[in-house]
Amino acid sequence: MSNFTNVQSTDKLNAVLNTQLANWSVLGVKLHNYHWFVKGPQFFALHEKFEELYNTAADYVDEIAERMLAIGGKPAASMAEYLKLASIEEATGDHSAEQMVAALVADFQMIVKELKAGIEIANDQGDDPSADLLIGMLTDVEKQSWMLSAFLGK
């Protein structure tokens, strides 16, 4: 019975990691959209910030996929899969700079909740490296969320 539970736990952790892989893949595309189409007085600051964030997203995609492969998982690897698995939505239409930042804050808040749940799952499974990966991401996402909220005056 414990073998079944272990397989079930591994499947649960792989699902968590695939959701994050999808989130960061969709977020990377969304951030490119924002990077290209941001306008207004904060153009230079946000253009640079969005580039920083999409580079971070690309790094996270690679780290998550490599971790999944290391523990015998199968990372999602297509936009169709990402859109199906992601909790966040892709960018749509013309948005003001403030709307872009507010959407990212909302995305980051959702990711924070999911990362915390994922850390708990990894810890329950005794997978310290996966928990550590998610904790590092959580620390960064909380910081970015705070900074973007401060940009909005919140």
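Residues numbered from 1 in each chain as written. Predicted model: local features only at pLDDT ≥ 70, side-chain atom pairs only at ≥ 80, totals over all residues. Heavy atoms only, no water.

Novice: Can you lay out the overall build of the protein for me, pointing to particular residues and giving the numbers?
Specialist: Along the protein, the regular secondary structure elements total five helices and zero strands. Each helix and strand of the protein, placed in order from N terminus to C terminus, yields the pattern α-α-α-α-α. Computed over C-alpha atoms, the radius of gyration of the protein comes to 16 Å, within 12% of the 15 Å expected from 2.2 N^0.38 for 154 residues, which places it in the range of a compact globule. Overall, the C-alpha framework of the protein stretches about 60 × 30 × 20 Å when taken along its three principal axes. Counting every position in the protein, which comprises 154 residues, the buried fraction comes to 42%. Taking the intrachain contacts of the protein between residues at least 6 apart in sequence as the baseline, contacts between residues at least 24 apart amount to 80%. Charge separation in the protein, taken as the distance between the mean sites of 11 positive and 22 negative side-chain charges, equals 5 Å. (Helix = DSSP H or I, 4+ residues; strand = E, 2+ residues; numbered from the N terminus. Rg over C-alpha atoms; globule rule 2.2 N^0.38 Å. Buried < 20%, exposed > 50% of the residue type's maximum accessible area, 1.4 Å probe, protein only. Contact = heavy atoms within 4.5 Å. Lys, Arg positive; Asp, Glu negative; His and termini not counted. Charge placed at Lys NZ, Arg CZ, Asp CG, Glu CD.)

Novice: Tell me about the nonpolar core, residues and numbers included.
Specialist: Among the nonpolar cores identified, the biggest contains 45 residues, and Trp24, Leu27, Phe50, Ile64, Leu104, Phe108 and Met137 are the most heavily contacted of them. Apart from residues lying up to four places away in sequence, Met137 is in contact with Gln20, Trp24, Tyr60, Ile64 and Leu115. (Core = buried A, V, L, I, M, F, W, Y, C linked by side-chain atoms within 4.5 Å.)

Novice: Explain the side chain of His35 to me, using residue names and the numbers behind them.
Specialist: Take His35: it is sitting in helix α1 (residues 2-37). Those residues in contact with His35, other than ones at most four positions away along the chain, are His47, Phe50, Glu51 and Tyr54.

Novice: Break down the packing of aromatic side chains for me, with residues and values.
Specialist: Summed over all chains, the structure comprises four aromatic pairs. Ring geometry for Trp24 against Tyr60: centres 4.8 Å apart, planes inclined by 70°, an arrangement best described as edge-to-face. In this pair, Trp24 is assigned in helix α1 and Tyr60 in helix α2 (residues 43-70), connecting sequence segments 36 residues apart. The pair formed by Trp24 and Tyr60 is uniform in burial state, with each residue classed as buried. (Phe/Tyr/Trp six-rings, centres within 6.5 Å; stacked < 30°, edge-to-face > 60°.)

Novice: Please set out the packing of α2 against helix α4 (residues 97-125) residue by residue, giving values where relevant.
Specialist: Running from N to C, α2 and α4 point in directions that differ by 25°, and their axes come no closer than 12 Å. Relative to α4, α2 is oriented roughly parallel. Once α2 is placed against α4, the crossing between them reads as left-handed. From α2, Leu46, Phe50 and Leu53 reach across to α4, where they touch Ala97, Met100, Val101, Leu104 and Phe108. A per-class count over the contact of α2 with α4 returns eight nonpolar, no polar and no charged. (Axes fitted to C-alpha atoms, helices over the stretch in contact; angles between N-to-C directions. Parallel < 35°, antiparallel > 145°, perpendicular 65-115°, else oblique. Left-handed = near helix turned anticlockwise from the far one by under 90°. Nonpolar A, V, L, I, M, F, W, Y, C, P; charged D, E, K, R; others polar.)

Novice: Provide a residue-level description of the packing of α2 against helix α5 (residues 128-151), including the pertinent values.
Specialist: Two quantities define a packed helix pair, namely the angle between the axes and the distance from one axis to the other. For the pair α2 and α5, interaxial distance at closest approach is 12 Å and the crossing angle is 165°. Accordingly, the angle class assigned to the pair α2 and α5 is roughly antiparallel. Here α2 runs over α5; the crossing is left-handed. Counted together, Leu46, Lys49, Glu52, Leu53, Thr56, Tyr60, Glu63, Ile64 and Arg67 of α2 and Pro129, Ser130, Leu133, Gly136, Met137, Asp140, Gln144, Met147, Leu148 and Phe151 of α5 form the full contact between these two elements.

Novice: Describe α2, naming the residues involved and giving the relevant values.
Specialist: For α2, with 28 residues, the first-to-last C-alpha span of 40 Å sits near the 40 Å given by 1.5 Å per residue. Directly beyond the C-terminal end of α2, a positive phi value near 85° is found at Gly72. (Expected span 1.5 Å × (residues − 1).)

Novice: Describe the pattern of salt bridges, with residues and values.
Specialist: In this structure the tally under the stated criterion is four salt bridges. With a closest N to O distance of 3.2 Å, Lys49 and Glu52 form a salt bridge. With Lys49 and Glu52 both in helix α2 and three residues apart, this pair spans about one turn of that helix. Judged by its relative accessible area of 14%, Lys49 is buried. By relative accessible area, which is 36% here, Glu52 ends up partly exposed. With a shortest N-O distance of 3.9 Å, Lys116 and Glu142 are connected by a salt bridge. In this pair, Lys116 sits in helix α4 while Glu142 sits in helix α5, placing the two residues 26 residues apart along the sequence. With a relative accessible area of 36%, Glu142 lands in the partly exposed category. (Salt bridge = Lys/Arg side-chain N within 4 Å of Asp/Glu carboxyl O.)

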